[in-house]
Amino acid sequence: LYLYYFLARHEERRCLARYGESYRDYLARTGMFFPRSWFGWVPQWLPERGSIRAAALAASYVLLVGAAVLVGFWLRSYSLAHVASYAERDLAALSPAQLPASRLQQAVEVALGDPEVAVAVAARGYGQGEKLLLYVVPIDWRLPDLPMEAQPRGGHQTPPEFDPERLKVLVTRVRLHDRGAEGLDIVKKAVKREPILLVKLDLSRRAVLSHETPPATVRWGDVPTPYF
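Now for a quick tour of the structure. (Residues numbered from 1 in each chain as written. Predicted model: local features only at pLDDT ≥ 70, side-chain atom pairs only at ≥ 80, totals over all residues. Heavy atoms only, no water.)

## Focus: the pattern of salt bridges
Just so we agree on the cut-off: When a carboxyl oxygen of Asp or Glu lies within 4 Å of a side-chain nitrogen of Lys or Arg, that pair is called a salt bridge.
Throughout the structure, instances matching the rule amount to 11 salt bridges. One network of salt bridges, with partners in common, ties together Arg124, Arg173 and Glu194.

Structural data, given as structure tokens:
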């Protein structure tokens, strides 16, 4: 927002140089970003020019960024407190479906107990300090925000009625800015995830149905999405 403010000021100077008084009249009767009738009080608190104006802009920028960061931390904690989750010392599991922690634990145990999965995560350092972040999803759901099936087409598919016994588990290794993080703190300290395997399960038989190699990124490439 602040960068755009300075860009807009630059554009105003260019327009004044090109159109002169007609553009100055336009500025006088038109709000910079919003109609003047909405925020008639805004110009009054900010000095027109000079060092006082620069100091006021800098102070408002620091306050706004600080408030945004605090709200972001609060929102993350609120989300984690309301999403289905299960955690151990070196792993955390999340589910966008409202599954009980006991079912998440069962899904994690069945997935990691499979020999192929155990070999794959051990090869990436699980058990020697590396941490895992697992996503447990109903087997028929489609979530483009997660690197699960290879480049799924279409949007989200999350039918509210699903079989809680048939699930898929995306196993990822996470890079942390605090390698000592444990439990759900793994989610908070993670900065990047590396997909390892997508494991499809039938919990009624405690059986692994299949393994798939997930794509390295989501549908839009290596772009972080607001999904833990």
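On we go from here.
## Digging into the packing of helix 1 (residues 2-19) against helix 4 (residues 51-82)
Condition: Comment: axis = line fitted to C-alpha atoms, over the contacting stretch for helices; angle = value between 0 and 180 degrees taken between N-to-C directions. Secondary structure elements follow DSSP: runs of H or I no shorter than four residues count as helices, runs of E no shorter than two count as strands, and numbering proceeds from the N terminus. Angle categories are assigned with fixed cut-offs, so that under 35 degrees is roughly parallel, over 145 is roughly antiparallel, 65 to 115 is roughly perpendicular, and the rest are oblique. In this description, contact between two residues means that some pair of their heavy atoms is separated by no more than 4.5 Å. Under the convention adopted here, Pro, Cys and the residues Ala, Val, Leu, Ile, Met, Phe, Trp and Tyr are nonpolar, Asp, Glu, Lys and Arg are charged, and Gly plus all remaining residues are polar.
Across the interface, helix 1 lies against helix 4 with an axial gap of 11 Å and an inter-helix angle of 150°. When the axes of helix 1 and helix 4 are compared, the pair comes out roughly antiparallel. Judged by residue contacts, Tyr2, Tyr5, Phe6 and Arg9 of helix 1 engage Arg53, Leu57, Ser60, Tyr61 and Leu64 from helix 4. Counted by class, the contact of helix 1 with helix 4 contains six nonpolar, one polar and two charged residues.

## Digging into the environment of Val218
Keep this limit in mind: Any residue under 20% of the maximum accessible area for its type is buried, any over 50% is exposed, and the rest in between are partly exposed; the area is computed with a 1.4 Å probe on protein chains only.
Tracing the backbone shows Val218 in the segment after strand 6 (207-212). The exposure class of Val218 is buried, given its relative accessible area of 5%. In the structure, Val218 is positioned 71 residues away from Pro147 in sequence and 4.6 Å away in space, judged by C-alpha atoms.

## Points about the packing of aromatic side chains
Filter applied, for reference: Note on aromatic pairs: the rings of Phe, Tyr and Trp (six-membered ring only in Trp) are paired at centre separations within 6.5 Å, and the planes decide the class, stacked below 30 degrees, edge-to-face beyond 60, tilted for the rest.
Tallied over the entire structure, the rule returns five aromatic pairs. With a centroid separation of 5.4 Å and 25° between ring planes, the pair formed by Trp74 and Tyr78 is classed as stacked. In this pair, Trp74 and Tyr78 both sit in helix 4, four residues apart, roughly one turn of the helix.

## A few points about the sheet that holds strand 3 (residues 131-138)
Hydrogen bonds between backbone groups are what pair the strands of a sheet, and the pairing can be parallel or antiparallel. Rule in force here: Strand pairing requires that DSSP identify at least two bridges connecting the strands.
In space, the six strands of this open sheet follow the order 1-2-3-4-5-6, with mixed pairing throughout. In this open sheet, the two strands that pair with only one neighbour each are strand 1 (84-87) and strand 6. Each adjacent strand pair in this sheet contributes to an overall mean axis angle of 25°, direction not counted. Its contacts with the sheet place helix 6 (residues 115-123) against strand 3, strand 4 (166-176), strand 5 (190-202) and strand 6, and it is angled at close to 170° to strand 5.

## Some details on the pairing of strand 6
Bridge count for strand 5 against strand 6 is five bridges, and the pairing is antiparallel. Directly across from Lys200, in strand 6, lies its bridge partner Ser210. Turn length for the strand 5-strand 6 hairpin, with the two strands adjacent in sequence and antiparallel, is four residues, and the turn residue Arg206 shows positive phi of about 50°.

## Here's the deal with helix 6
Here is the rule: This arc describes the spread of directions from the helix axis toward the C-beta atoms. Counted as a polar contact is a pair of N or O atoms within 3.5 Å, where, for protein atoms, one must be capable of donating a hydrogen and the other of accepting one, and residues adjacent in sequence contribute only when both atoms are in side chains.
Within helix 6, the full set of buried residues consists of Val117, Ala120 and Val121. Looking straight down helix 6, one finds its buried side chains confined to an arc of 90°; they lie on one side. Exposed and oriented more than 90 degrees from the buried face of helix 6 are Pro115, Val119 and Ala123. Residue Asp114 occupies the N-cap position of helix 6, its side-chain oxygen lying 3.1 Å from the main-chain nitrogen of Glu116. At the exit of helix 6 stands Gly125, carrying a positive phi of roughly 95°.

Purely spatial values, then, with no claim about function.
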